[in-house]
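# Examination of the molecular architecture
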Amino acid sequence: MDLVATVLPALNDAFALILQPGVLMYLALGVVMGLAIGVFPGLGGIAGLSLVLPFMFGMDTVSGLALMVGMVAVVPTSDTFASVLMGIPGSSASQATVLDGFPLAKRGEAARALAAAFTSSLFGGLVGALFLTFFILIARPIVLAFGLPEMLMITILGLSMVAILAGRIPLKGLAAAGLGLVVGTIGEADAGGSLRMASYDLPYLADGFKLVIVGLGIFAVPEIIALLRQDRSISKTAELGAGWAAGVRDWWRNKWLSVRCSLIGVMVGVIPGLGGSVVDWIAYGHSVQTTKDKSNFGKGEVRGIVGPESSNNAKEGGGLVPTLIFGIPGSGSMAVFMGAVALLGAGDLEVGPQMLSADYLDVTYSIVWLLALANVVGTILCIGLSGHIAKLTTIRFTLLAPFLFMLISFAAFQSGQNLADLAALFGFGLIGIFLRRFEWSRPAFLIGFVLSNPAETFANQAYQVAGSKFQQGFDVGMAYLFGPITLVLIVVTVVSVVLGIRQARLIMSEGDVQTGTKRAPMVFLFVISAYFIISFFDASLIDDRLITDKIFPMLISGIAILCCGVLLISMMRNPETHVIFADRESSGDDADAAHGLWPTLAWFGFLLVLCSLVGFILALSVFLLIFMRLRAGLSWAHAAVYTAGGIAFMCAMAWVLNRDFPPGLLQSMVDLPWPFR
């Protein structure tokens, strides 16, 4: 009764605070800005919150919160546009949506896919807000119950999704995940600071690779290149198919899946640092496991959209729990959110335990109400616009490709403000192209990369703490490692792996790829194996005093080498007609494409090389003009208009976001005015 007596007045006060016209105006502004930011691949909530950060100082507390919450709540909804329409993950939280959303768009059902996604996002967002309402006062002991062993098991549960997304040859999926894990270890180790596959001669590698670059390279570049080679619209039929009503009906038919995945979202979102990275994959895996006919996953199964989209919006509500209660950011955007809160009003508001005190509980619940309202407004806008934006899939892709190259290059550069970001984007794009070509699971690679750092960090820390516990007694150590939550997670993980291995052959995350000759797949396998051997040897050179820095990459590389060895034996024993020799260049859309792979990829390489010489804007001007004239076949006049529009758009976006463009050698020799510098 005391709890009810405390909560109800706070909820009522919060409702009165947000219904002020000024607050609603700022909420609407935040929603519109979130929609605009989320549409562009790779920018995400961090870029959006960074945009409004300078305006937070001294701003009215509730108005500032409305602006930020409006943006944070809607970005995971609007980033679905890029995932569905272009096959480009709008952010780390919409990677799984690509697997079935993009095939639906290519079938001419983009509007249906978007509507199903937005309805699921709305429901997930409301579940997250509802969860936050009732959970926030009892969350403290529950969150504290998650120690290092529990965090490690959540990470392993995320990795277990590889079993579901491994494809027709499970060892390929396992090796792809191993490749992602090993690539994720590149740079300075967290524990002892050892450099792995890097040196101080290349300081860029010492920092490791950013998720934005890896995600765009593995998913965006291969799809852009593949569509550009075919020289047609994304949708073969050039029809939008069923509209938003059909998508809403799809959600209604799968409402209980949406409920379960929303609960998964809020529960995983509560755990700091994991939510946005892993929750959509866990939800996708659950969607697969609970579907009787699994053969349509990876080809345009609407349940593969409903599950991830329900979870990634719900996790925003869960992510606010550790942020508000403990002052521990649940994600990168929550870290910026915390900094912005400190600037509001008189500067006396700080996230942490005081948010649950009687003086600030109304403000806390204002955030809850704003989160729910922003999801409603944002989803209505997205559904209303989905039919119009889906028409992008009917435009000849040659006219869209250069602008997508432009956007992903700009987004990649913003992750580290380094010209080497563009070289890394091209390199990962090349890896993604070959993974896609030979049916090595790209989702498995990305899951491995995303969870590499958490898996290593939690494993090392749990090992060190467990060592001290076992010194106190064997029973104390076992109780620490295998608590009730850990045991439940172990059971769930084992069941997930067993079911996943059985089902993986039916789930073609890369589509139905035909077999080719032995030579090309075996050469690719040799290259991957060589990298694992080099990685193993490199890690073994680390001093034994820093054993925690070397054991993880050596273990993963060793397991991956064994997988590659078994794959090699299988390739030697099986005929060319075996599925292990899948090769897109042998038959299908890629084989029949009007343009070759390397000439098409050369256009993207041309943009990056030119950028390194003369800077982004000058390079983009030359690239767009030449591409539109020679590759798209437009007249010089039309090419000039397209170029001017693209340059104006990029300059406007950079100015609004207060971002710089990648510089080239020219900028180091000549002092040029903005935007040429």
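Our structure is the block above this text.
Everything quoted here is computed from the prediction, not taken from an experiment. (Residues numbered from 1 in each chain as written. Predicted model: local features only at pLDDT ≥ 70, side-chain atom pairs only at ≥ 80, totals over all residues. Heavy atoms only, no water.)

### Topic: the state of the cysteines
Selection criterion: What counts as a disulfide here is a pair of cysteine sulfur atoms lying within 2.5 Å. Burial status follows relative accessibility: with a 1.4 Å probe on protein chains alone, a residue under 20% of its type maximum counts as buried, one over 50% as exposed, and anything between as partly exposed.
Following the criterion strictly, the structure yields 0 disulfides and no others. For C564, which is in no disulfide, the shortest distance to another cysteine sulfur is to C563 and amounts to 6.8 Å. By relative accessible area, C564 is classed as buried at 3%.

### Considering the packing of helix α10 (residues 170-184) against helix α24 (residues 519-540)
As a reminder of what qualifies: Note on method: axes are straight lines fitted to C-alpha atoms, helices fitted across the in-contact stretch only, with angles between N-to-C directions ranging 0 to 180 degrees. In this text, helices come from DSSP runs of H or I with a minimum length of four residues, and strands from runs of E with a minimum of two, each type numbered from the N-terminal end. An angle counts as roughly parallel when it lies under 35 degrees, as roughly antiparallel when it exceeds 145, as roughly perpendicular when it falls between 65 and 115, and as oblique in every other case. Left-handed describes a crossing whose near helix is turned anticlockwise from the far helix by less than a right angle; the clockwise case is right-handed. The contact rule is simple, with two residues in contact once any of their heavy atoms fall within 4.5 Å. Put simply, Ala, Val, Leu, Ile, Met, Phe, Trp, Tyr, Cys and Pro go in the nonpolar bin, Asp, Glu, Lys and Arg in the charged bin, and everything else, Gly too, in the polar bin.
Their axes nearest at 11 Å, the elements α10 and α24 cross at an angle of 40 degrees. Overall, the two elements α10 and α24 adopt an arrangement that is oblique. Crossing angle aside, the handedness with which α10 passes α24 is left-handed. On the side of α10, the interface is formed by A175, G178, L179, V182 and V183, while α24 contributes I528, Y531, F532 and S535. Residues of the contact of α10 with α24, tallied by class, amount to 7 nonpolar, 2 polar and no charged.

### Focus on the nonpolar core
Heads up, the condition is: The term nonpolar core refers to a set of buried residues drawn from Ala, Val, Leu, Ile, Met, Phe, Trp, Tyr and Cys, joined through side-chain atoms within 4.5 Å.
Counting 161 residues, the largest nonpolar core has F209 and W440 as its most contacted members. Tallying contributions element by element places helix α19 (residues 397-416) first for this core, with 14 residues. In this structure F209 touches V183, I186, Y204, V214, A424, F428 and F449, once residues within four positions along its chain are discounted. One finds M153, I154, V279 and L489 within the second-largest nonpolar core, a separate group that totals 8 residues.

### A look at the packing of aromatic side chains
So the rule is basically this: Ring pairs shown here join Phe, Tyr and Trp side chains whose ring centres sit within 6.5 Å, with only the six-membered ring taken for Trp; geometry is labelled stacked below 30 degrees between planes, edge-to-face above 60, and tilted in between.
Per the stated rule, a full pass over the model turns up 18 aromatic pairs. With a centroid separation of 4.9 Å and an interplanar angle of 90 degrees, the aromatic rings of F209 and F428 are classed as edge-to-face. Of this pair, F209 sits in the loop between α11 (203-206) and α12 (211-230) while F428 sits in helix α20 (residues 420-437), and the two are 219 residues apart along the sequence. The pair formed by F209 and F428 is uniform in burial state, with each residue classed as buried.

### A closer look at the pattern of salt bridges
As a reminder of what qualifies: For this analysis, a salt bridge means a side-chain nitrogen from Lys or Arg found within 4 Å of a carboxyl oxygen belonging to Asp or Glu.
If you walk through the whole model with that rule in mind, you get 7 salt bridges. The closest approach of N and O atoms between R229 and E585, which form a salt bridge, is 2.8 Å. Remark: E585 occurs in the loop between α25 (547-573) and α26 (597-614) and R229 occurs in helix α12; sequence separation between them is 356 residues. Overall, E585 belongs to the partly exposed group, its relative accessible area being 27%. Salt-bridge contacts for R437 lead to D583; the nearest nitrogen and oxygen are separated by 2.7 Å. Separated by 146 residues along the polypeptide, R437 in helix α20 and D583 in the loop between α25 and α26 bring together distant segments of the chain. The burial state of R437 is the same as that of D583; both residues are buried.

### Observations regarding unusual backbone geometry
Positive phi outside glycine occurs at E439, with the angle close to 60 degrees. Residue placement: E439 occurs in the loop between α20 and α21 (442-472).

### Some points on α26
Where we set the bar: Each helix should span, by expectation, one fewer than its residue count multiplied by 1.5 Å.
The terminal C-alpha atoms of α26, which comprises 18 residues, lie 26 Å apart, in line with the 26 Å expected from a rise of 1.5 Å per residue. Of all the positions in α26, only L597, T600, L601, W603, F604, G605, L607, L608, L610 and C611 are classed as buried. Phi turns positive, to about 90 degrees, at G615, one or two residues after α26.

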